[in-house]
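# Per-entry structural report
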Amino acid sequence: MHESCHFTVRSNRGDVSMIQIAEVTFYDETGDALPVSSVSTGCEPVSDESASEAVDGSSATKWLCSPFVYPTPAAPKCEDDCTWPSDGGCDDGGPGAEYSACSYGEDCTDCGSRNYSDPTLFIDFQGSHVVHSYELTTADDFSARDPTSWTLECTGTDGNRTELSVVNGVVP
């Protein structure tokens, strides 16, 4: 049973300054879409194209992420701009976080400094589910921003993270 997943893009078709995803949908063994409770990311969204757009059920919207760096991490982010900073629980949705209530790197006291590297969607599900499959939909405008290599890791109810999918060199 999975409670959350990390969808990490490792390369795209050519525009290394931005990445875009119209939709990523997770399915259980019966083919039903899994309900998402929250999503966050370690990169800065562009305008209103935030991480939530990648799981909103619409391929007409998109998550547009910039800037990010392949493969060298940029400067760490450590701010306490979260609604619940310094409450004893990491709320930024990153590795080891208990919640995804604020943006990646914005609960520094509880989560510690966060490094930026490959763009990652941190996705929390409503309840625990078996991730049987997933579908990635690229945005319909700048194909150079489309992902070509990515990793999907999901965390189970036991707290262990499992690599479910590694994709390399796909041309969407």
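A brief structural summary. Here the residue numbering is sequential within each chain, running from 1 through the sequence in written order. Predicted model: local features are reported for residues with pLDDT of at least 70 only, side-chain atom pairs are reported and counted for 80 or more only, and whole-chain, interface and lining totals are derived from all residues. The basis for the side-chain values is all heavy atoms of the structure; hydrogens and waters are excluded.

## A few points about the packing of aromatic side chains
Aromatic ring pairs are defined here through the distance separating the ring centres and the angle between the ring planes. Only Phe, Tyr and Trp rings take part, Trp by its six-membered ring, and two of them pair if their centres are within 6.5 Å. Stacked means planes under 30 degrees apart, edge-to-face means over 60, and tilted covers everything else. What the rule picks out here adds up to 4 aromatic pairs. Summarising the aromatic geometry, the rings of Phe 26 and Tyr 134 are spaced 6.4 Å apart at their centres and angled 40° between planes, so their arrangement reads as tilted. Placement of Phe 26 in strand β3 (residues 23-27) and of Tyr 134 in strand β7 (residues 133-137) is noted, with a sequence separation of 108 residues between them. Looking at Phe 26, the relative accessible area reads 2%, which means it is buried. Summary of the burial criterion: residues with accessible area below 20% of their type's maximum are buried, those above 50% are exposed, and those between are partly exposed, where the area comes from a 1.4 Å probe applied to protein chains only. For Tyr 134, a relative accessible area of 22% puts it in the partly exposed group. Ring pairing ties together the aromatic residues Phe 7, Phe 26, Phe 125, Tyr 134 and Trp 150, which thus form one cluster. Helix and strand definitions here come from DSSP, where helices need a minimum of 4 consecutive H or I residues and strands a minimum of 2 consecutive E residues; each element is numbered from the N-terminal end.

## Some details on the nonpolar core
Taken as a class, soluble globular proteins show a tendency for nonpolar side chains to be buried jointly. Among the buried residues, those of types Ala, Val, Leu, Ile, Met, Phe, Trp, Tyr and Cys that are joined through side-chain atoms within 4.5 Å form a nonpolar core. By size, the foremost hydrophobic cluster in this structure holds 23 residues, and its most contacted members are Phe 7, Phe 26, Trp 63 and Leu 121. Elements supplying a minimum of two residues to this core: β1 (2-12), β2 (19-21), β3, β5 (63-65), β6 (120-129) and β8 (147-156). If near-sequence neighbours (up to four positions away) are discounted, Leu 121 is found in contact with Cys 5, His 6, Phe 7, Ile 21, Val 24, Val 39, Ser 40, Ala 51, Ala 54 and Trp 63. For this analysis, residues touch if any pair of their heavy atoms sits within 4.5 Å.

## Let's talk about the sheet that holds strand β9 (residues 161-167)
The strand order across the open sheet built from 5 strands is β4-β6-β1-β8-β9, with neighbouring strands paired in antiparallel fashion. In this open sheet, the two edge strands, each paired with only one partner strand, are β4 (36-41) and β9. Each strand of the sheet is rotated relative to its neighbour by a mean of 20°, with strand direction disregarded. By this definition, two strands are paired if DSSP reports at least two bridges between them. Bridge count for β1 against β8 is 9 bridges, and the pairing is antiparallel. Note that in β8 the partner of Ser 11 across the bridge is Ser 149. The angle between two axes is taken between their N-to-C directions and runs from 0 to 180 degrees, where each axis is a line fitted to C-alpha atoms and a helix contributes only its stretch in contact.

The quantities given are spatial measurements derived from coordinates; they are silent on function.
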